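Reading the structure
Letter by letter, the chains look like this.
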Amino acid sequence: MTAHGARVPDFYVVGAPKAGTTAMYEYLRAHPDLYLPERKELRYFGSDLEIRDRVPLSREEYLAYFAGAPAGALVGTAYVWYLFSTAAAAEIAAFSPRARIIAMLRNPLDMLPALHGEHLANGNEDIADFTAALDAEPARRAGRRIPAHAHLPQGLRYLDVPRYAEQLERYFAAFGRDRVHVIVFDDFAADTAAAYRDTLRFLGVSDAFRPDIFETINASRRIRSEWLRHFLARPPRPLRLAFRYVVPARLRRGAYERAKNLNVVAARRQPVPQATAQRLRDAFRPEAAKLSQLLGRDFVALWMR
């Protein structure tokens, strides 16, 4: 509770992107002792994130999403770029000092191609080839080759995204190690039910509950129409203003999401070339070693083979 009696989240799913957070969010939403809003990705923290064309929620708008939580239920929310953010951990701790944190980690060799595909699908990326997108990073760090419709240019610095050790250390420092639950995607994929039970125990609710079905959520996608993607990202100003005047904010968001979803179709990702995979192993082997020391598990053996 805040000083004014409004509900604030008891736990936060902070990332990483393409590591199973959407699936876990839906499974947690199904639990009778938990309350998570229908809308995932409520951005309120992460003041260092440079979000374009997205107005951050006000405090009142943010808290309104939790107003419907029943008495006794734990309240949760998620935003996958909070783990990447250098500011979010401290900001969440100031807002919800007793909160619990859930972080989900995925092998960078798998996560980064999936993130690239997601960026292509949502309009943040315009370089279709993953290796070419990696090659563009030096220019993008200098502020060049950023797509006009990109809403998160920082997310295009792919090699920065899975720096898990330093990211987790920020949350350990802000909340304490015992209030941060780390889920490795390999475990989540191999035994989803067990990973779900462990998460329920971490949150302190009954682990006897099981959703009706564990299914793949937020799978790989591709764009149907590049024109429609650009139109949705930057509609003509007169149309945008008219739509904003006529349609309430919550309905606008729903209409946008439906139109965006209609413009994507499930697709199998192309395999990463061997040379690019080796490039990623070389880049992230030191990171995997740091994570191994931090979590007491051999991520070099698990991920860098």
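Residues numbered from 1 in each chain as written. Predicted model: local features only at pLDDT ≥ 70, side-chain atom pairs only at ≥ 80, totals over all residues. Heavy atoms only, no water.

A short note on the pairing of strand β5 (residues 180-184)
Counting buried residues in β5 gives five out of five residues, a clear majority hidden from the surface. In β5, alternate side chains face the same way, and those of Val180, Val182 and Val184 on one face and His181 and Ile183 on the other are all buried. (Buried < 20%, exposed > 50% of the residue type's maximum accessible area, 1.4 Å probe, protein only. Helix = DSSP H or I, 4+ residues; strand = E, 2+ residues; numbered from the N terminus.)

With respect to the sheet that holds strand β3 (residues 74-78)
Taken together, five strands build an open sheet; the order of strands is β2-β3-β1-β4-β5 and the sheet is parallel. Edge positions in the sheet fall to β2 (34-35) and β5, since each of these pairs with one other strand and no more. Alignment of strand β1 (residues 11-15) against strand β4 (residues 100-105), held across four bridges, turns out to be parallel. Paired with Gly15 across the two strands is Ala103, which belongs to β4. Each of β1, β4 and β5 touches helix α7 (residues 164-175); the most contacted strand, β4, lies at about 170 degrees to it. (Pairing = 2+ DSSP bridges. Contact = heavy atoms within 4.5 Å. Axes fitted to C-alpha atoms, helices over the stretch in contact; angles between N-to-C directions.)

Details of the pattern of salt bridges
Counting across every chain of the model gives 14 salt bridges. With a shortest N-O distance of 3.8 Å, Arg7 and Asp10 are connected by a salt bridge. Arg141 is paired through a salt bridge with Asp160; the nearest N and O atoms lie 3.0 Å apart. You can see Arg141 sitting in helix α6 (residues 137-141) and its partner Asp160 sitting in the loop between α6 and α7, a full 19 residues away along the chain. Judged by relative accessible area, Arg141 falls into the partly exposed class, the value being 43%. (Salt bridge = Lys/Arg side-chain N within 4 Å of Asp/Glu carboxyl O.)

Points about helix α9 (residues 192-203)
Here α9 contains 12 residues, and its C-alpha end-to-end distance of 17 Å stays within 8% of the 16 Å for a straight helix at 1.5 Å per residue. When you tally the buried positions in α9, you get nine out of 12 residues, the bulk of the element. If you check which residues of α9 are buried, you get Thr192, Ala193, Ala194, Ala195, Tyr196, Thr199, Leu200, Phe202 and Leu203. (Expected span 1.5 Å × (residues − 1).)

Side note on the packing of aromatic side chains
According to the stated counting rule, one finds 18 aromatic pairs in the structure shown. Among the aromatic residues, those joined into a cluster by ring pairs are Tyr12, Tyr44, Phe45, Tyr62, Phe66, Tyr79, Tyr82 and Phe95. The ring of Phe202 carries Arg100 above its face, with NZ or CZ at 5.2 Å from the centroid. When the ring centre of Phe185 is taken as origin, the NZ or CZ atom of Arg106, which lies over that ring, is 4.5 Å away. (Phe/Tyr/Trp six-rings, centres within 6.5 Å; stacked < 30°, edge-to-face > 60°. Lys NZ or Arg CZ within 6 Å of the ring centre and 35° of its normal.)

Observations concerning helix α1 (residues 21-29)
Structural remark: α-helix, 3.6 residues per turn; residues separated by three or four positions point the same way. Among the nine residues in α1, seven count as buried, and that is most of the element. Taken as a whole, α1 has its buried residues at Thr21, Thr22, Ala23, Met24, Tyr25, Tyr27 and Leu28.

Observations regarding unusual backbone geometry
Geometrically, the link from Gly15 to Ala16 is a cis peptide bond, its omega value of 0 degrees lying close to zero. Note on placement: Ala16 falls in the loop between β1 and α1. With a phi close to 60 degrees, Arg145 is a non-glycine residue in the positive phi region. Checked against the element boundaries, Arg145 lands in the loop between α6 and α7.

Considering the nonpolar core
Formed by 58 residues in total, the largest nonpolar core has its most connected members in Tyr12, Val14, Trp81, Leu83, Ile92, Leu112 and Tyr171. Leave out the neighbours within four places in its chain, and Leu83 touches Val14, Gly15, Ala16, Ala103, Leu105, Tyr164, Gln167, Leu168, Arg170 and Tyr171. Membership of the second largest hydrophobic core comes to 21 residues, among which are Ala23, Ile102, Met104 and Phe202. (Core = buried A, V, L, I, M, F, W, Y, C linked by side-chain atoms within 4.5 Å.)

A short note on the pairing of β4
Along any regular strand the residues' side chains alternate between the sheet's two faces. The buried fraction of β4 amounts to five of the six residues, a majority that puts the element mostly inside the structure. Sheet analysis places β4 next to β5, joined by five bridges and oriented parallel. Looking at β5, one finds that Ile102 is bridged to His181.

What to know about the packing of α1 against α9
Where α1 contacts α9, the axes come no closer than 11 Å and their chain directions differ by 60 degrees. In this view, α1 runs oblique relative to α9, as classed from their interaxial angle. The hand of the α1/α9 crossing is right-handed. Of the residues in α9, those in contact with Met24, Tyr27 and Leu28 of α1 are Thr192, Ala195, Tyr196, Thr199, Leu200 and Leu203. (Parallel < 35°, antiparallel > 145°, perpendicular 65-115°, else oblique. Left-handed = near helix turned anticlockwise from the far one by under 90°.)

A look at the packing of α7 against helix α13 (residues 274-295)
Remark: α7 packs on α13, axes separated minimally by 8 Å, with the N-to-C direction vectors making an angle of 30 degrees. Within the contact between the two elements, α7 uses Tyr164, Ala165, Glu166, Leu168, Glu169 and Phe172 and α13 uses Glu287, Lys290, Leu291, Leu294 and Leu295. Class assignment for the residues of the contact of α7 with α13 results in seven nonpolar, no polar and four charged. (Nonpolar A, V, L, I, M, F, W, Y, C, P; charged D, E, K, R; others polar.)

Some thoughts on the environment of His151
Tracing the chain through its elements places His151 in the loop between α6 and α7. In this structure, the C-alpha to C-alpha distance between His151 and His119, residues 32 residues apart in sequence, is 9.7 Å. For His151, the contacting residues outside a window of four places in its chain are Glu50, Ile51, Arg52, Arg54, Asn122 and Asn124.

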